[in-house]
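Take a look at the letters that make up each chain.
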Amino acid sequence: MMNALSRVLLRPALWILLYGAMIGYGIYALVNIPVEVLPAFNFPAVSVITHLPGTTATTMETLVATPLEGQLLGLPDVTEVRSTIGDGLVETDLRFREGTDPNADLQAVNGAIDRVRASLPPAAQPLSEIMGNAINEVADYALQIPAGVPREEVSRTVAATIIPALRGISGVQLVNSAGIGDAALWVQPNLGALRQAHIPVSALTAALAGQVSLAPGGYLTLGHQDSLIELHNLPTHIADLNATPVAGPDGPVALGSLARIIRTTLPTHQRELLDGQPSIALTIFKQQGASTLPVTQAIAQKLAALSSQLPPGVRFIRIYDQGHLVHAVGADLRRNLIIGGVLAIAVMLFVLGARSGAWLLALSIPVSLLLGIAGLYAAGQSLNLMTLGAITVALGLVADDAIIVLESICHRWEVGDAPAAGVLRGLRDIAAPDIIGTLTTILVFVPLLFTGGLAGLFFIPFALGMVFSLLASLLVSLTLIPLGLSLVRHGGAIPQPSRRSEQLLAALRRHNRRLFNFVLAHPRWSIGGCFLLLLLSLAAMSLVSVNILPLPNEGVLLESFTLPPGTALLDTQAAVNSIVTRINADPAVAHSLARIGSSAGSNYTEPAYAGEIEILLKPGAGANSLDAIAARILAASQTPAVQLGIDTPTVERLGESLSGLPQPFEIQLYGTQFPAMSTLADAITSRLATVKGLSGVFNNDGYPETQINVQPRPAALAAAGLSPAQLSNELSTLLAGQVVTQVPDGNLALPVYLRLPDPAAFSLDDLAALPVGNQSATPLGQLASISLVTSPNQFHHIDGARAFDILATPTTAPGAAITAAKRALASLKLPPDYRIAFGGLYPMLEAAALGLGIAALAAVILMAGVLVLRFGGRRAPGLLMMQIPLAMTGGALALAASGLGLNGIGLVGFLTLVGVSLNHGIVLLDRAQQNENAGLDPAQAMEEALNVRFRPIFLTTIVAVLGMLPTALGFGAGAAPEQGLAIVIAGGIVWSALLSTNLIPALYIRYRGK
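Once a new chain begins, its residue numbering starts again from 1 and follows that chain's sequence as written. The predicted origin of the model limits local features to residues at a pLDDT of at least 70 and limits the giving and counting of side-chain atom pairs to 80 or more, whereas totals for whole chains, interfaces and linings rest on all residues. For side-chain calculations, the full set of non-hydrogen atoms in the structure is used, while hydrogens and water are omitted.

A. Molecular detail of the environment of S177. Helix numbers and strand numbers start at the N terminus; a helix is a DSSP run of H or I with at least 4 residues, a strand a run of E with at least 2. With respect to the helices and strands, S177 occurs in strand β6 (residues 172-178). Looking at S177, the relative accessible area reads 33%, which means it is partly exposed. Residues S177 and D101, spaced 76 residues apart in sequence, show a C-alpha to C-alpha distance of 30 Å. Contact partners of S177, with chain neighbours within four places excluded, come to I163, I280, A281, L282 and S599. Any residue under 20% of the maximum accessible area for its type is buried, any over 50% is exposed, and the rest in between are partly exposed; the area is computed with a 1.4 Å probe on protein chains only. Only heavy atoms enter the contact rule, under which two residues are in contact if any of them lie within 4.5 Å.

Here it is as structure tokens:
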């Protein structure tokens, strides 16, 4: 067996070729692997957005939501259909069963939309996309437009030149523009002239539609050539349209006599304001799987090249660039990895000596990490916050395997083995515990690979990163380390570590021996003290704040705002301009871009009384004080009757991607009648406002908006020769506007738009006096009654049932907040068929926590099985399994002492400790068991094991801690997401080392013979 092992391991040419190939692929993977902020969202969910401007929420329910949901609810594998229904908009979010293909789900949704399309209003065009696309928004730019520059010229340049160029960039998926409308020819009817000429508005529509002609007319053979015939009339100038004849009872009348025609931009019920001034905003999405940084760099270069094509004085302002965040995270973590690696290598060289082969350990770290990245690339993963977190943790752990193998071989040399024999015997002694220790850690992550939902989105990439890195470190420790040692030592004196390192280790051994003797003499007190510390750490964790995902300073903050439902767009704009003025006065702020409402065709869904303000910070402003800047801006923005919230763009878009809502916590009220639902919602809001642990409680659904109801009088309409549909079409054209036709103009189509100049300024009397009818002579008030009514601003359908969402922000653990809310609502009497449920992002987090709990349980069972197979009996495996919960103490106390919050990345750190905490104990007990098998009694066996294994346990602990130290200390803004993870694992490893060298061996001796 020894000879066979020798023939395989001690063949340098073979291993040089193998490692050369693997390292070559690793370098290729490192260069080509995508770099992202978050893992790819393959969540089985689809969002459908339908715009129908000018339609009330209740009418949207009837015309759009109900027929659309009727088709969508019948799709296979659908688990939830949720619609948000507001004025002019329905957003329907579908969640599918775990494991389905999101692209196949999207195709199924598109098929359902095609089937229901005939039942929808012609102007309602549902747009579908896989949910999670919001996180692919990588860049936002705004155009700074000086006063006096024609806006239609800017709009046309953007549509004709800028957007096509951006769409042509590799990796760009979508480019949206909003703010100023498209360039158009606006025909503004003169009501007095129409009335005098007895010409209805419908005649203008017909005349304009008939003027545009672009159609094939066959061909003529002229000589030897077929010449195509084309009939076209393309009036792109105001003079052409002014001469358009409009049919009237007394003969044709020139359009210019009946209407004013201007070249301008289409009106929009939405605003983009750069530092308070009208602007055009460009929102750019990358393709799934495209690397963020190259895409954002290409966008910046392209816009710089296109700046010369903008009108004089107009320039691009970069507001948000996700590449900034990717660069910050990547650069800071890369620097921290290098610093941590250098510190770890320096300690190894100090303790072991430069001539001991410790330089091989320095080589093993980058090789293992490079092979881990190669595995991620082969699995289709990217470098993101989760996989970079795994690499940060792995930096300290990958040296673990190599250290214990090197220590075992050096020990064989120290007891007199020949160089080659020492390598093989040392490897034989340590191979089993090395493999078992690595497998127990890997087994923690294997169940995570089968989790779904929110847990799977975040933790599968982390698990893959850990598994690949640990497998690579195991391979390196069992091959590269013994091979390297066999090459560097062919006899001669055994390399000795430095005197200072020996003195340090001797001092540490003495102190550890005193602690071990105390634990051995007082095992019950020791066990009780450890469990008491565990309880104290759990109590401390209950005081730790909880957040979803902390991010470093992106250089941008995003403040959301909501005014009372129904607030006029002009009033919202005035309030936002006031807020922007105060924001821009902050010394850290460079620019602000406010978006009010949502443009048709975009994936935004806010009404005209809500939106968000992107706040661009000055370079270097508050590099490590983003929370302080956010708090300062939020305080300055406070405005009566305006709901405000502030976060980073990535966190905000993460929430939108996962739940369709920026708010993470909801109380859902189900019912049938809006008045009763509104009354109950008010009562629920009042009760929840007194609940400790909830803040910012408000209900944004069911708010009664004032609407104008125009009810036709059948007899009057009949006498005027009109039908209700004709009257509706005429009102829609005059008041809402209509694109009558489009004229090809260069590479764009120029809309011809028909509407009154400013109908929004009408009073009710003006509306009643509006001349309509076949001769534009009958006041609307004679044909219809006009009254004010109320209608809910918005509400929801959840699986077809009406519901209101009451929103809140938990300030304590979600479970505690829900318990307190249920207690406050327990005495509330609900009518039959009415009920209350809790929703939002936090139930998904609880489901993720449950998934993690199941994964942890499966990992513990698997580890217990492996330990029983290795050690036999129950005592050694039982002691090692007892160490798992105790090891959590160090991580919990370290996190609580740091003052940081617990987040999704930090949570997986505790799961990592389940496997990592066992490594030291496995190595120690394996040595003790070998000694017993050799004839030593338990006390002597353990004493020898402690003497031999203390140095590798100390080394692996200090190397792991130093490897994560720069990140745990928060060096650099980009380290913020991983800081909690590093603190948890570093604290847990130190505590685990103390348990492994004191409590576990003491209990092993104490109860071994009983």
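B. Region of interest: the packing of helix α13 (residues 419-445) against helix α29 (residues 918-933). With axes taken as lines fitted to C-alpha atoms, and helix axes fitted only over the stretch in contact, angles between N-to-C directions fall between 0 and 180 degrees. Between α13 and α29, the shortest axis-to-axis distance is 9 Å and the interhelical angle comes to 150°. By the angle class used here, α13 and α29 are roughly antiparallel. The handedness of the crossing between α13 and α29 comes out as right-handed. Between α13 and α29, the residues in contact are D429, I430, P433, I436, G437, T438, T440 and T441 and L918, N919, I922, V923, D926 and Q930, respectively. Note on angle classes: values under 35 degrees are labelled roughly parallel, values over 145 roughly antiparallel, values of 65 to 115 roughly perpendicular, and the remainder oblique. Handedness of each helix crossing follows the sense of rotation of the near helix against the far helix: counterclockwise by less than a right angle gives left-handed, clockwise gives right-handed.

C. Focus on the sheet that holds strand β7 (residues 183-189). Pairing is mixed across the open sheet formed by four strands, whose spatial order is β12-β7-β25-β24. Each edge of the open sheet carries a strand with a single partner, namely β12 (259-265) and β24 (738-745). Averaged over all adjacent pairs, the angle separating strand axes in this sheet is 25°, with direction ignored. As judged from the three bridges shared by β7 and strand β25 (residues 748-754), these two strands associate in the parallel manner. Directly across from W186, in β25, lies its bridge partner Y753. Relative to the sheet, helix α7 (residues 201-211) contacts β7, β24 and β25, its axis offset from that of β24 by approximately 20°. Following DSSP output, two strands are said to pair if at least two bridges run between them.

D. Geometry of the pairing of strand β15 (residues 281-286). The buried fraction of β15 is high, at six of six residues. Burial along β15 is two-sided: A281, T283 and F285 facing one way and L282, I284 and K286 facing the other are all buried. Bridge analysis of strand β5 (residues 137-144) against β15 gives five bridges, and the strand direction is antiparallel. Across the sheet, the residue bridging to E137 is F285, located in β15. When β6 meets β15, the two strands line up antiparallel, connected through six bridges. Following the sheet pairing, V172 is matched in β15 by K286.

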